[in-house]
Amino acid sequence: MFEALFSQTGAVLDELVPPVCQFCGSPSGRGRLCRGCLSYFSYDLSLGAEKAKRVPSADGVWWLWPYQRAGRLVRRVKFGGDWHLRGLIRERTERILLEQGDLLGSVDAVTFVPMHWLKRVVFRPGNLAQWWARTLAEMLESHLVELFEVRFWKPELHRLKNKSERRKTIRGAFSLKNGSFRRFRQSGGKAVLLVDDIITTGTTLESLTRLLKDADPDLIVKVFCICG
Ligand SMILES: [Zn+2]
């Protein structure tokens, strides 16, 4: 009886407030995304070779979507305050990981690109990379570990497009949290998944991968981003 009541209530609600796509706002039927956005946010395997080039020290590099496709989504969450869209990222990530089977292989811990406190104050309240790392750790039944700290932040970095200029600017900006790293290795950790929201030139991710590899060349480092 309750079920019948609920489904009736649902039908009435749909009539009064037709469900709309979370992303583009067009009528979506019963799903959370409209058909167009659903196909738009499916996994894109076509960029394989390019990915490896961006973070040469890593043992594998993946991202869910090309920047042209998902950049707007990520920017809306990061800068537009559309926090509810994180639900969409979570849902699609879960679906894609399920569809792609063993995409990432075995992972003992998930870590993320940290954000300097000043950047947090100036730009935005939360670190999307940290949220995504936590989400992935849950999905993969792995652990979230904070392996890095930020020593300084240079606001001009995001304006620099040139890879060698970026590399110079970023030098020394991050360091390894030695205690966390030692505990991770002592607990038998062999493979770590390093995540960020957007990968552009890959300079930051490359420098963090190198910190890990310098500390232990046998460690497997895989990189995973929302878009690139
Ligand atoms: Zn849509």
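Please read these numbers as outputs of a predicted model, since none were measured by experiment.

Unusually for a residue other than glycine, glutamate 141 sits at a positive phi of about 50 degrees. Looking at the element boundaries, glutamate 141 is found in the loop between α7 (128–139) and β3 (143–144).

Attention now goes to the pairing of strand β6 (residues 191–198). Two faces, one strand: in a regular strand the side chains alternate between the faces of the sheet. In terms of burial, β6 is largely enclosed, as 6 of its 8 residues are buried. The sheet contact formed by β6 and strand β7 (residues 220–227) spans 7 bridges and is parallel. By the bridge assignment, valine 192 is partnered in β7 with valine 221. A crossover links β6 with its parallel partner β7, the connecting element being helix α10 (residues 203–215), and its sense is right-handed.

The α-helix winds at 3.6 residues per turn, so residues separated by three or four positions along the chain end up facing the same way. Compared with an ideal rise of 1.5 Å per residue, which puts 12 residues at 16 Å, α7 spans 16 Å between its outermost C-alpha atoms and is within 8% of the ideal. Leu128, Ala129, Trp132, Ala133, Leu136 and Ala137 are the residues of α7 that are buried. Contact partners of the buried residues in α7: α4 (67–78), β2 (109–112), β3, β6 and β7.

With that settled, the discussion passes to the pairing of strand β1 (residues 60–65). Extensive coverage of β1 is indicated by the burial of 5 of its 6 residues. Relative to β7, β1 runs parallel, the two sharing 5 bridges. Along β7, the bridge assignment pairs tryptophan 62 with phenylalanine 224.

Another point: the nonpolar core. Ranked by internal contacts, the top residues of the largest apolar core, which has 49 residues, are Val195 and Ile226. Shared between two domains, this core takes at least three residues from each, and those domains are domain 1 (1–40) and domain 2 (43–227). With sequence-adjacent residues up to four places away left out, isoleucine 226 is seen in contact with Trp63, Leu64, Ala70, Val74, Ile89, Trp132, Asp197 and Ile198.

Taken in spatial order, the 5 strands make up an open sheet running β1-β7-β6-β2-β3, and their pairing is parallel. Either end of the sheet is taken by a strand with one partner, and the two such strands are β1 and β3. With 2 bridges connecting them, β2 and β3 associate as parallel partners. Residue pairing for β3: alanine 109 is matched across the bridge by histidine 143. The strands touched by α4 are β1, β6 and β7; relative to β7, the strand with the most contacts, the crossing angle is about 80 degrees. Strand contacts of α7: β2, β3, β6 and β7, with the helix running at about 135 degrees to β6, the strand carrying the most contacts.

So, about α4. The terminal C-alpha atoms of α4 lie 14 Å apart, and with 12 residues this falls more than 12% below the ideal 16 Å at 1.5 Å per residue. Among the residues making up α4, those that are buried are Ala70, Leu73, Val74 and Val77. Summarising the axial view, the buried residues of α4 lie within an arc of 95 degrees, below the 170-degree limit, and thus occupy one face. Buried positions along α4 lie against β1, α5 (85–99), α7, β6 and β7.

This part covers the confidence of the model for the protein chain. Summary statistics for the protein chain give a mean pLDDT of 86 and a share of 87% for residues scoring 70 or more. Of all the helices and strands in the protein chain, helix α1 (residues 2–16) carries the lowest mean pLDDT, 54, while β2 carries the highest, 98.

Take leucine 73: it is sitting in helix α4. The spatial distance from the C-alpha of leucine 73 to the C-alpha of leucine 88 is 9.3 Å, given a sequence separation of 15 residues. Once residues lying within four places of it in the same chain are set aside, the contact partners of leucine 73 are Phe23 and Leu85.

The next point concerns the environment of serine 57. With respect to the secondary-structure elements, serine 57 resides in the loop between α3 (48–54) and β1. Taking the C-beta count within 10 Å as the criterion, serine 57 has 17 such neighbours and is therefore assigned partly exposed. Setting aside residues up to four positions removed in sequence, serine 57 forms contacts with Glu206, Thr209, Arg210 and Lys213.

Looking now at the packing of α5 against α7. Two elements in contact, α5 and α7, have axes separated by 11 Å at closest approach and are oriented at 35 degrees. Our pair here, α5 against α7, has a crossing hand that is right-handed. Counted together, Arg86, Arg90, Thr93, Glu94 and Leu97 of α5 and Trp131, Thr135 and Met139 of α7 form the full contact between these two elements. The residue inventory of the contact of α5 with α7, partitioned by class, reads 3 nonpolar, 2 polar and 3 charged.

Scoring rules and cut-offs
Residues numbered from 1 in each chain as written. Predicted model: local features only at pLDDT ≥ 70, side-chain atom pairs only at ≥ 80, totals over all residues. Helix = DSSP H or I, 4+ residues; strand = E, 2+ residues; numbered from the N terminus. Buried ≥ 20, exposed ≤ 12 C-beta atoms within 10 Å, placed from the backbone. Pairing = 2+ DSSP bridges. Right-handed = clockwise from strand over helix to strand, strands pointing away. Expected span 1.5 Å × (residues − 1). Contact = placed C-beta atoms within 7 Å. Core = buried A, V, L, I, M, F, W, Y, C linked by C-beta atoms within 7 Å. Domains from an automatic or database assignment. Axes fitted to C-alpha atoms, helices over the stretch in contact; angles between N-to-C directions. Arc of directions from axis to C-beta. pLDDT = per-residue confidence, 0-100. Left-handed = near helix turned anticlockwise from the far one by under 90°. Nonpolar A, V, L, I, M, F, W, Y, C, P; charged D, E, K, R; others polar.

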